[in-house]
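Listed below are the residues making up each chain.
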Amino acid sequence: MEVKTSLLDNMIGVGDMVLLEPLTEDSFLENLKKRFDHNEIYTYIGSVVISLNPYRSLPIYTPDKVEEYRNRNFYELSPHIYALADEAYRSLRDQDKDQCILITGESGAGKTEASKLVMSYVAAVCGKGQEVNKVKEQLLQSNPVLEAFGNAKTVRNDNSSRFGKYMDIEFDFKGDPLGGVISNYLLEKSRVVKQPRGERNFHIFYQLLSGASDDTLKKLKLERDFSKYNYLSLDSATVSGLDDAANFRTVRNAMQIVGFMEDEMQSVLELVAAVLKLGNIEFKPESRCNGMDESRIKDKNDLKEMCELLGTEQSVLERAFSYRTVEAKMEKVSTTLNVAQAYYARDALAKNLYSRLFSWLVTRINESIKAQAKTRHKVMGVLDIYGFEIFEDNSFEQFIINYCNEKLQQIFIELTLREEQEEYIREGIEWTNIEYFNNAVICDLIENNQNGILAMLDEECLRPGTVTDETFLDKLNTICADHQHFESRLSKNSKFLNDHSLPHNCFRIQHYAGKVLYRVEGFVDKNNDLLYRDLSQAMYKANHSLIKQLFPEGNPAKVNLKRPPTAGFQFKASVGTLMSNLQSKNPNYIRCIKPNDKKASHVFNGSLVCHQARYLGLMENVRVRRAGYAFRQAYEPCLERYKMLCKNTWPHWKGRARQGVEVLMTDLQVPAEEFSYGRSKIFIRNPRTLFFLEEKRKQCLEDLATLIQKIYKGWKCRSHFLLLKKSQVVVASWFRRYAQQKKYQKIKHATTMVQSYTRGWQARKLLRELKYQKKCEEAVTTIAAFWHGTQVRREYRKFFRANAGKKIYNFTIQRIMQKYFLGLKSKLPSMSPIDKTWPARPYSFLDGVHAELRRIFHLWRCKKYRSQFTEEKKAVYEEKLEASELFKDKKALYPSSVRQPFKGDYLEISKNPKYQKLSSAVDEKILLADVVNKINRANGKGSSRLFLLTKKNVVLADQKTGQLKANVPLTDLASVSTSTQTDGFFALKLKEGSASAVKGDFLLSSDHLIEIITKLHRIGSMAADREKLNIDISDEFLVQFKQDKVCVKFIQGSPKNGNSVSCKRKNNRLLEVSVPASS
Ligand SMILES: Nc1ncnc2c1ncn2[C@@H]1O[C@H](COP(=O)(O)OP(=O)(O)OP(=O)(O)O)[C@@H](O)[C@H]1O
Ligand SMILES: [Mg+2]
């Protein structure tokens, strides 16, 4: 939404002087000062801008500011030069009205700066494009060039414009710049040859000497040292804050941009150098025969160099400085020049040379910047002209300048009034006559063709006879004496007769801006602006492209005997043209004011400002503006601004703006004479009415602000609450979303996990199967490969050498075995089973075989041995074997029995007739017949008995008679006891209760004890019907003698008993057998 602002917002003092209440000079100055102190350097008087020079750079010319003021109404923002520039540009572009911007003010007030600000603003807001930008750049760059040649340091201003400048900028229908035309007015050429104290010559001289390269200076025959040149004042050759060298580069660059050719620039610099050289030419008097002094050039070196620069003949110029030719009525008279005249001629030439060069520069710039298209242009003129000047010593220049300012003031009054009047007519408001001072009368005093001061000066200059400044003053005294704005010491105006403050050679004019005292000295000369024809002709003859153009009157073919127009005449004419030019345009005023004389920032010199305000006619200006109505405003912005003051118009007015304003004014009870309704504007007569409205508005705004604040706070709280609520919903939804996402993620993760496990399990299973399958396949393949390999190997083994090893091995083994077996065969031990010898083994690997063979061989040998046995022998051995089983390692007697063959029948009873009877009594075959000792139970003494053994009985008989003593069936035998020692004692123990047992057990001794007991046992074990006979081997056993049981104890016999066994009955119960110790 566009915010409507107003000049009245945040105003410091009053932004528009028209609104000043009360309007007095003091309040006027007070307002200016207040604003100036707050950096508000611009103030309006209606549409006129007052500009105070701040003498420092303020941040109010930025591109942002340009944008701020662009396309805004004049009174919308605080006063600014941009507002004026924008207004002018827009009414030029949109309303097709040519504009002129008149910038006035005294020297150093800021006119040139203001003109540049206006130009830069217009350049910033107008169209863009390559061509347009070029034009803009050329227009802007014309400033540095003209400033270098036309500006100089003065006591009032370090960059004072010493010429008047009016520039027309031409625009097309769109408002794009097309080009421009510059007009220059009255360059202060006297400055070229002489500068007041503390001032400088034109900038270009210093810039050239400081900034040009050594090479350039050499070409121009110049030296860098300022003191070498008479025309350059030395007391302020360098100015602080001015960099001449840098400015020279800027000027050259600007000249290039504007379109100067290199040779043109060179020519210009040559002329500048020539002026400097000219100043150095000095003269000396030389007496002539007629007694007159004639001038001669002192040192011709400078002249020579100058002539070289300008391409003139030295002699021609030399002569021109010594002689003057006057032509009258076809006659040429040559007179000599004295030294003073020669100096006059030199300075006149220098001044002319420079001022013509300046005019040429303006023409040349115009050539470059002039609009190309021939179509109708819209024009904006910017006038930067010297302001009203009141010095201590005022001369012709000030007179001319002040005349120009009078003209400008006149046009200002005319145009302002005309504008005011036009607006009243436009708005249908009744026109009331405005009282104001019209300075037309002063203008008339100066410019009147019959008796105006300028006309009289011209008359004086053209008059034959002696003409001096004094004669001119006399003339003025006679003709203008009655004029109310003219004063002189000799004036007839009785009012001034006694005015001794007025010097004799002066006159005073009461300008609209104040009284100015002019010294007449030099008026005639300056007005004449005389350059001797010899000099202009010498210049014309120069072989220099530029010089020739500058002095066309020197052309001998066009000798004009008429005097050239005087300076005053020329100026009057150009001011006249300027005025008619300005009158055809819509004026915009910028009135520049200098706050102090010291070029200092923050200093406001009230009296100085007051003086300027007076001569600029600012109070007049305000009065004119206020004569009718002080303030006017279009209905729409007026209603917009004050609508809050009335309930009917607040907050919106539905109808037309004018009716709204009417309702408003009625409601506010503003007296009817205080305002008038125009067609599009309301006119307010007094500022206090406006301030009344403003005050009311201010109060209302405070209430409104509270209301707005209240609504805003409510709205803020509510929106904050809604925002919180919304945020809470958003947060909750986000949280829910987040929670669900988490849950979903978890489930997904779990699912994926389960899935992955399942898949993994399946995959592993499949993998196992596949692996198994693969293994099977591999196994099958391997088996097949092995099988095939085997088959193939088998098939092909015979063809391979590798097989030979095994064969050789087998063969060797076979051979070894063969050799082994054959060797063994030859070395076999005897066939005796008890032969323990066996050949040594030949190879360790045959250990097992060797042992096994030994075992087999032994078994075989035994078998062989056994196979040769007869049945009897076999039986004998079986008995021997049984004896061994029974007694080996149990009875010491056994080893000695081994060698004894078991004969059985040692007695051959059947053959012995002694035992015939006995033999017949024993019907069975006698298995053993031997003699034994039967131990007597009583004493232990033995008695021989025959001992017979059959399959069924044991028979005891008397050895001598063969009488049967006892026949014990074997079945009655319970056991046999014997000792462990070498004795032959044994006891046959009978079963208790058997028939045989009646007599008791038998204790016997035999040399064939082993055989007897073995046979007894054998018979027992072979008989199926009988129990096995127990064999009891111990050194103590009981024997049943009848009823008694006697213990038979075997002891080791002592050596005295000899080698025989002795048996003694020790007591009833013990029978001791002493057995000799076996060796
Ligand atoms: N708006 C401004 N902001 C800052 N400085 C300014 C402004 N206007 C003027 N000045 C300062 O004041 C000096 C004098 O200004 P300027 O040359 O425009 O005066 P002038 O009115 O053209 O004087 P003259 O009549 O001698 O040519 C400038 O060089 C500059 O330093
Ligand atoms: Mg200036």
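Owing to the predicted nature of the structure, the values given are computational and were not obtained by experimental measurement.

Undergrad: What am I meant to see in the coordination of the magnesium ion (ligand 2) here?
TA: In an ideal tetrahedron of four donors about a metal, each angle is 109.5 degrees. In an ideal octahedron of six donors, the angles are 90 or 180 degrees. Around the magnesium ion (ligand 2), the donor atoms from the protein are T112 (OG1) and S161 (OG), and they sit 1.8 to 2.0 Å away. Within this pair, whereas T112 is found in helix α4 (residues 111-125), its partner S161 is found in strand β5 (residues 160-161), the two being separated by 49 residues in sequence. Take T112 and S161: they sit in the same class, and that class is buried.

Undergrad: Even after reading the chapter, I still don't get the site of ligand 1, so can you show me in this structure?
TA: Taken together, 17 residues surround ligand 1, and among them S107, K111, T112, S160 and S161 come closest. Between ligand 1 and K111 there is a distance of 2.7 Å, counted from an oxygen atom to a side-chain nitrogen or oxygen. S161 has a polar backbone atom sitting 2.6 Å from an oxygen atom of ligand 1. Within the complex, 85% of the 620 Å² of free accessible area of ligand 1 lies under protein. Counting residues per element, the ones that place at least two in the shell around ligand 1 are α4 and β5. Here the element with the most residues in the shell around ligand 1 is α4; it accounts for 3 residues. Of the residues contributing to the shell around ligand 1, the split by class is 4 nonpolar, 9 polar and 4 charged.

Undergrad: Could you clarify how one ought to interpret the packing of aromatic side chains in this entry?
TA: Two numbers describe a pair of aromatic rings. These are the distance of the centres and the angle of the planes. Applying the stated criterion across every chain, the model contains 37 aromatic pairs. Measuring from ring centre to ring centre gives 5.5 Å for F396 and F523, while their planes differ by 85 degrees; the resulting arrangement is edge-to-face. With F396 in helix α14 (residues 396-427) and F523 in helix α19 (residues 523-528), this residue pair connects regions lying 127 residues apart in the sequence. For the pair shown, F396 and F523 are each scored as buried. Between F675 and Y677 the ring centres are 5.2 Å apart and the planes differ by 65 degrees, which places this aromatic pair in the edge-to-face class. We classify F675 as buried; its relative accessible area is 10%. Above the plane of the ring of Y323 lies R319, whose end atom (NZ or CZ) is 4.5 Å from the centre.

Undergrad: Whenever I open this one, a nonpolar patch on the surface confuses me. Can you help?
TA: On the surface, a nonpolar cluster with roughly 370 Å² of combined accessible area is contributed by I708, Y712 and W715. With respect to the element layout, W715 can be found in helix α27 (residues 687-797).

Undergrad: Would you explain the UniProt feature "binding site: ATP" (unreviewed entry) in the chain in this entry?
TA: Here the UniProt-annotated "binding site: ATP" (unreviewed entry) positions come out as G105, E106, S107, G108, A109, G110, K111 and T112. Within the annotated group, the residues that form the lining of the second largest cavity are T112. For S107, the contacting residues outside a window of four places in its chain are T154, R156, N157, S160, R162 and K594. Polar side-chain contacts of S107 include one of 3.4 Å to the side chain of S160.

Undergrad: Explain the sheet that holds strand β18 (residues 675-677) here, please?
TA: Within a sheet, each strand pairs with its neighbour through backbone hydrogen bonds, oriented either parallel or antiparallel. The 3 strands lie next to each other as β17-β19-β18, forming an open sheet whose pairing is antiparallel. Each edge of the open sheet is held by one strand with a lone partner, namely β17 (631-634) and β18. When strand polarity is set aside, the average angle formed by the axes of neighbouring strands in this sheet is 15 degrees. Judged from the 4 bridges that link them, β17 and strand β19 (residues 681-684) form a sheet pairing that is antiparallel. Among the inter-strand pairings, R632 is bridged to a residue of β19, identified as F683. Contacts between helix α26 (residues 657-668) and the sheet are confined to β18 and β19, with β18 contributing the most and set at about 155 degrees to the helix.

Undergrad: What am I meant to see in α14 here?
TA: Look at α14: 46 Å from first C-alpha to last across 32 residues, which is about the 46 Å you get at 1.5 Å a residue. Where burial is concerned, most of α14 is hidden: 25 out of the 32 residues are buried. Backbone geometry just downstream of α14 places G428 in the positive-phi region, at approximately 75 degrees.

Undergrad: Looking at this model, I keep getting lost on the pairing of strand β28 (residues 1036-1041). Mind explaining?
TA: It is a general feature of regular strands that their side chains alternate between the two faces of the sheet. Burial of the side chains of β28 is restricted to one face: F1037, V1039 and F1041 are buried, whereas none of E1036, L1038 and Q1040 on the reverse face is. Pairing analysis gives 6 bridges linking β28 to strand β29 (residues 1044-1053), with the strands arranged antiparallel. Pairing of E1036 across the sheet is with K1049, part of β29. Between β28 and β29, which pair antiparallel and follow one another directly, the connecting turn spans 2 residues, one of which, K1042, has a positive phi of 45 degrees.

How each quantity is defined
- By convention here, each chain's residues receive numbers from 1 onward along its written sequence.
- Chain letters start at A and ligand numbers start at 1, both assigned in the order the entries are written.
- Only residues with pLDDT of at least 70 are given local features in this predicted model, and only at 80 or more are side-chain atom pairs given and counted; all residues enter the totals for whole chains, interfaces and linings.
- Values shown for side chains rest on all heavy atoms present in the structure; no hydrogens or waters enter the calculation.
- Only nitrogen, oxygen and sulfur atoms count as donors, using a 2.8 Å cut-off from the metal that widens to 3.2 Å for Na, K and Ca. Water is left out, so coordination shells may look unfilled.
- Put simply, DSSP marks the helices as runs of H or I at least four residues long and the strands as runs of E at least two long, and each gets a number from the N terminus on.
- Using a 1.4 Å probe on the protein chains alone, a residue whose accessible area is under 20% of its type maximum counts as buried, one over 50% counts as exposed, and one in between counts as partly exposed.
- Each residue is tested against the molecule or strand, and it is near if at least one of its non-hydrogen atoms lies within 4 Å.
- Between N or O atoms, a polar contact is any pair within 3.5 Å; within protein, one atom must be a potential hydrogen donor and the other a potential acceptor, and residues adjacent in sequence are included only when both atoms are from side chains.
- Note that accessible areas follow from Shrake-Rupley with a 1.4 Å probe, and for residues the cover is restricted to the protein chains shown.
- Under the scheme applied here, ten amino acids are nonpolar (Ala, Val, Leu, Ile, Met, Phe, Trp, Tyr, Cys and Pro), four are charged (Asp, Glu, Lys and Arg), and all others, including Gly, are polar.
- Centres within 6.5 Å make a pair out of two Phe, Tyr or Trp rings, where for Trp the six-membered ring is used; the pair is then stacked when the planes are under 30 degrees apart, edge-to-face when over 60, and tilted otherwise.
- We call a charge positioned above a ring when the Lys NZ or Arg CZ atom is no farther than 6 Å from the ring centre and deviates by at most 35 degrees from the ring normal.
- Like charges are joined within 9 Å and nonpolar side chains (Val, Leu, Ile, Met, Phe, Trp, Tyr) within 5 Å, but only among residues with over 30% relative accessible area and no salt bridge; these make up the patches.
- Any Lys or Arg side-chain nitrogen located within 4 Å of an Asp or Glu carboxyl oxygen qualifies as a salt bridge.
- UniProt positions are given in the numbering used here, feature names are shortened, and annotations may be inferred rather than shown by experiment.
- Definitions used for this entry: grid spacing 1 Å over protein atoms alone; cavity, a set of points where a 1.4 Å probe fits but cannot get out; pocket, an open set with protein on both sides within 12 Å along at least 5 of 7 lines; lining residue, one with an atom within 4 Å of a point.
- In this description, contact between two residues means that some pair of their heavy atoms is separated by no more than 4.5 Å.
- Here, strands pair whenever DSSP counts at least two bridges between them.
- Axis lines are fitted through C-alpha atoms, for helices just across the contact stretch, and the angle between N-to-C directions can take any value from 0 to 180 degrees.
- Each residue after the first adds 1.5 Å to the expected span of a helix.

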